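What follows is each chain in one-letter form.
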Amino acid sequence: EPPSPRSSVADLAALDALLRWARTTRSGDRSQAPPTTERAWAEVSTDSTGCPGAAACPFGRECFAETARATAREADVVVTNHAQLAHDLLRPQPLLGEREVLVADEVHELEAHLSSAWGQEVA
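Rules and cut-offs
Residues numbered from 1 in each chain as written. Predicted model: local features only at pLDDT ≥ 70, side-chain atom pairs only at ≥ 80, totals over all residues. Heavy atoms only, no water. Buried < 20%, exposed > 50% of the residue type's maximum accessible area, 1.4 Å probe, protein only. Helix = DSSP H or I, 4+ residues; strand = E, 2+ residues; numbered from the N terminus. Arc of directions from axis to C-beta. Core = buried A, V, L, I, M, F, W, Y, C linked by side-chain atoms within 4.5 Å. Contact = heavy atoms within 4.5 Å. Polar contact = N/O pair within 3.5 Å; in protein donor to acceptor, adjacent residues only side chain to side chain. Phe/Tyr/Trp six-rings, centres within 6.5 Å; stacked < 30°, edge-to-face > 60°. 1 Å grid on protein atoms, 1.4 Å probe; cavity = no way out; pocket = protein on both sides within 12 Å on 5 of 7 lines; lining within 4 Å. Points joined across faces, edges and corners; volume = space filled by probe spheres on them. Nonpolar A, V, L, I, M, F, W, Y, C, P; charged D, E, K, R; others polar.

S.K.: I tried to follow helix α3 (residues 64-74) on my own but got confused; where do I start?
M.R.: Every α-helix carries 3.6 residues per turn, so stepping three or four residues along brings you back to the same face. Here α3 has its buried residues at E66, R69 and A72. With its buried residues spanning 125° around the axis, α3 presents them on a single face. In this structure, α3 carries T71 and E74 as exposed residues pointing more than 90 degrees from its buried face.

S.K.: Can you walk me through the nonpolar core in this structure?
M.R.: Soluble globular proteins tend to pack their nonpolar side chains together in the buried interior. Core analysis: the biggest nonpolar cluster contains 6 residues, these being A14, L18, W21, A33, A40 and W41. Secondary-structure elements contributing two or more residues to this core are α1 (9-22) and α2 (38-44). Top element by residues in this core is α1. It accounts for 3 residues. Those residues in contact with A14 that lie beyond four places of it in its chain are T36, T37 and A40.

S.K.: Just checking my understanding: could you explain the side chain of T25 for this structure?
M.R.: Its place among the elements puts T25 in the loop between α1 and α2. For T25, a relative accessible area of 13% gives the class buried. A distance of 3.1 Å separates the side chain of T25 from the backbone nitrogen of G28, its partner in a polar contact. Setting aside its immediate chain neighbours within four residues, T25 contacts Q32 and F64.

S.K.: Please clarify how the packing of aromatic side chains should be interpreted in this entry.
M.R.: In this description, a pair of aromatic rings is defined by centroid distance and the angle of the planes. Under the definition given, this model contains 1 aromatic pair. A centroid spacing of 6.5 Å and a plane angle of 45° characterise the contact between W21 and W41, whose relative ring orientation is tilted. Here W21, found in helix α1, pairs with W41, found in helix α2; they are 20 residues apart in sequence, far enough to count as distant. Judged on exposure class, the residue W21 and its partner W41 are both buried.

S.K.: When you look at the layout of surface pockets in this model, what are you seeing that I'm missing?
M.R.: In this approach, a probe sized like a water molecule rolls over the atoms, and the result shows the empty space that is left. Considering only enclosed or pocket space, the largest pocket measures out at about 1,200 Å³ in volume. Taken together, 38 residues make up the lining of the largest pocket; nearest its centre are T46, C63, F64, A65 and E66. Of all the secondary-structure elements, those providing two or more residues to the lining of the largest pocket are α1, α2, α3 and α4 (82-90). The element contributing the most residues to the lining of the largest pocket is α3, with 7 residues. Residues belonging to the lining of the largest pocket are distributed by class as follows: 19 nonpolar, 11 polar and 8 charged.

Below, the structure written as structure tokens:
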């Protein structure tokens, strides 16, 4: 049976908890958020493809993701994984930016990830 397009009571309760938490958190890190449902989290978060950027967004000045990106751009050391690195290489305004040294966790999976993310299969 397909999922209902309507939010459940659990989704609404989780959304309420997330909105209360958002008023008190300094980082917006999901790992620090109250337990939630995927549907509720999707309502209050976005990825870089859905984000218009701080300049175009009415919440840009208070956006947790924009704050984290600014902090990362200023950091001396950033440790990332292969998925973030692959994604960053495609962004017009990369998070990682130019660096003398880049530490990539899970680098043994980098080639396979880049091939699947950027490659096309010809049949």
